[in-house]
Amino acid sequence: MNKQELIRQVAMLTGETQVATRNTLDAIINAVQVASGRGEEVRINGLFYSKVVRKEARTVNVPGTTRKTDVPAKNVVKIKPAKELNDAANGK
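Residues numbered from 1 in each chain as written. Predicted model: local features only at pLDDT ≥ 70, side-chain atom pairs only at ≥ 80, totals over all residues. Heavy atoms only, no water.

### Things to note about the overall build of the chain
Part 1: Per the secondary structure count, the chain includes three helices and five strands.
Part 2: For the chain, the N- to C-terminal ordering of α and β elements is α-α-β-β-β-β-β-α.
Part 3: In summary, the chain has a C-alpha radius of gyration of 19 Å against a globular reference of 12 Å for 92 residues, an excess of more than 25%.
Part 4: Along the first, second and third principal axes, the C-alpha atoms of the chain reach 60 × 30 × 25 Å.
Part 5: Out of the 92 residues belonging to the chain, those deemed buried represent 15%.
Part 6: Across the chain, contacts joining residues at least 24 apart in sequence account for 30% of those joining residues at least 6 apart.
Part 7: Total accessible area on the chain stands at roughly 7300 Å², and carbon and sulfur atoms take up 54% of it.
Part 8: The average position of the 16 basic charges and that of the 9 acidic charges among the side chains of the chain differ by 8 Å. (Helix = DSSP H or I, 4+ residues; strand = E, 2+ residues; numbered from the N terminus. Rg over C-alpha atoms; globule rule 2.2 N^0.38 Å. Buried < 20%, exposed > 50% of the residue type's maximum accessible area, 1.4 Å probe, protein only. Contact = heavy atoms within 4.5 Å. Areas by Shrake-Rupley, 256 points an atom, 1.4 Å probe, with all protein chains shown as cover. Lys, Arg positive; Asp, Glu negative; His and termini not counted. Charge placed at Lys NZ, Arg CZ, Asp CG, Glu CD.)

### Digging into the pattern of salt bridges
Part 1: Counted under the stated rule, the structure contains three salt bridges.
Part 2: For D26, the salt bridge identified is with K3, shortest N-O distance 2.5 Å. Of this pair, D26 sits in helix α2 (residues 18-37) while K3 sits in helix α1 (residues 3-14); the two residues are 23 residues apart in sequence, bridging distant segments of the chain.
Part 3: K3 gets classed as partly exposed once you look at its relative accessible area, which sits at 39%.
Part 4: The partner of R38 in a salt bridge is E40, and the shortest N-O contact between them spans 2.9 Å.
Part 5: On the basis of relative accessible area, R38 is assigned to the exposed category, the value being 56%.
Part 6: Residue classification places E40 among the partly exposed residues on the basis of a relative accessible area of 36%. (Salt bridge = Lys/Arg side-chain N within 4 Å of Asp/Glu carboxyl O.)

### Describing the layout of surface pockets
Part 1: Computed from the structure, the largest pocket encloses a volume of approximately 240 Å³.
Part 2: In terms of lining, the largest pocket is formed by L6, L25, I28, I29, V32, I44, L47 and F48.
Part 3: Of the residues assigned to the lining of the largest pocket, the class counts are eight nonpolar, no polar and no charged. (1 Å grid on protein atoms, 1.4 Å probe; cavity = no way out; pocket = protein on both sides within 12 Å on 5 of 7 lines; lining within 4 Å. Points joined across faces, edges and corners; volume = space filled by probe spheres on them. Nonpolar A, V, L, I, M, F, W, Y, C, P; charged D, E, K, R; others polar.)

### Overview of α2
Part 1: Helix length check: α2 (20 residues) gives 28 Å between terminal C-alpha atoms against 28 Å at 1.5 Å per residue, within 8%.
Part 2: Residues of α2 that are buried include every one of T21, L25, A35 and S36, and no others. Considered in projection along α2, the buried side chains sweep an arc of 105° and stay on one side of the axis. In α2, the exposed positions angled more than 90 degrees off the buried face are occupied by V19, Q33 and G37.
Part 3: In this fold, the buried residues of α2 make contact with α1, β1 (42-44), β2 (48-55) and β5 (74-81). (Expected span 1.5 Å × (residues − 1). Arc of directions from axis to C-beta.)

### Regarding the side chain of T21
Part 1: Inspection of the secondary structure assignment puts T21 in helix α2.
Part 2: Classification of T21 as buried rests on a relative accessible area of 7%.
Part 3: Within the structure, T21 has its side chain in polar contact with the backbone oxygen of T17 (distance 2.8 Å). (Polar contact = N/O pair within 3.5 Å; in protein donor to acceptor, adjacent residues only side chain to side chain.)

Honestly, that's just the spatial picture; any functional story needs more than this.
Following this line, the structure appears as structure tokens:
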């Protein structure tokens, strides 16, 4: 399911227009992005849990060569699906 299919499905289930549903979904996405940018954890019960973790700088091997390269430190978002989402994926 892509974003447009999700918008269509949610609009049908809620009786809202696709435009209103798209605006709501865009606002949710923006709120999650802003919270992640501030390093905050985001929990949407039944869907996922995300947190920002720091990956330290490291040296890695370049595949197919004997060269090594430095990878700078950065923040990454780790996302863990909620139990309900995993259960749905497994037909429970």
